[in-house]
Amino acid sequence: MPLILALLLAAQMSSQTTPVQPIVKGTGLPPPGTEEAQVMAPVNALLAGIAARDAAAIGQTLRSDATATAVAEQADGTRKITHSSREQLLARFAPGPERYDERLSDAAVEVDGDIAMVWSPYTFRIDGKLHHCGYDHFDLVREGGSWKIQNLTWSSRTTGCEG
């Protein structure tokens, strides 16, 4: 009799459980304090450095041997691939009068131990006007408890950008 009672209780408890759908990656920013938020910290700092046109601030987010790769869609439909060293990337952000604003949306963050990646659509504006859009991909590594960007890859196009 106690075995039957235990089985009935277990069946009743399992029938009252409401299934929860998993959260889809890339549907919002990670909650503060999570590992994903820690990965996003240097990415967000890099974007703030771009807005400030502050190469030194951007450099703080990068490893010393970081690289960048851009794939730009040309007017004729061809694509141009440009690979840059850390120094070449930083040289793009000299002070100037234009205001830069790069924004990510629906960032997907993946972490495995001391490596991580962030993948996100982005828009880039100059003085408030949409200049181009594409996808950003950041490869990050954690060294000494701190996340740094190892590589930044982005696509760039002027068509199909959301306002």
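Residues numbered from 1 in each chain as written. Predicted model: local features only at pLDDT ≥ 70, side-chain atom pairs only at ≥ 80, totals over all residues. Heavy atoms only, no water.

For the protein chain, the name recorded in an unreviewed UniProt entry is DUF4440 domain-containing protein, with Sphingomonas glacialis as its organism.

Chemist: For this particular structure, what's the right way to read unusual backbone geometry?
Modeler: Of all residues except glycine, most have a negative phi; of all peptide bonds, most are trans. One non-glycine residue with positive phi stands out, namely Arg53, at about 55 degrees. Mapped onto the secondary structure, Arg53 falls in the loop between α2 (35–52) and α3 (55–61). Residue classification places Arg53 among the buried residues on the basis of a relative accessible area of 10%. (Helix = DSSP H or I, 4+ residues; strand = E, 2+ residues; numbered from the N terminus. Buried < 20%, exposed > 50% of the residue type's maximum accessible area, 1.4 Å probe, protein only.)

Chemist: Looking at this structure, how should I read the environment of Pro97?
Modeler: In this fold, Pro97 is placed in the loop between α4 (86–91) and β3 (100–104). Take Pro97: its relative accessible area is 74%, and that puts it in the exposed class. Distance from Pro97 to Arg53, taken between C-alpha atoms, is 9.6 Å for residues 44 residues apart in sequence. Residues in contact with Pro97, not counting those within four places in the same chain, are Arg53 and Asp127. (Contact = heavy atoms within 4.5 Å.)

Chemist: Quick question: what am I supposed to make of the state of the cysteines here?
Modeler: By definition, a disulfide links the sulfur atoms of two cysteines through a covalent bond. One pass over the structure, following the stated rule, counts one disulfide. Covalent S-S linkage joins Cys133 and Cys161, the inter-sulfur distance amounting to 2.1 Å. Residues Cys133 and Cys161 are joined by a disulfide whose S-S torsion is about -85 degrees; by sign, that bridge is left-handed. Taken together, the positions of Cys133 in strand β6 (residues 129–143) and Cys161 in the segment after β7 (146–156) put the pair 28 residues apart, joining distant regions of the chain. For the pair formed by Cys133 and Cys161, the shared burial category is buried. (Disulfide = S-S within 2.5 Å.)

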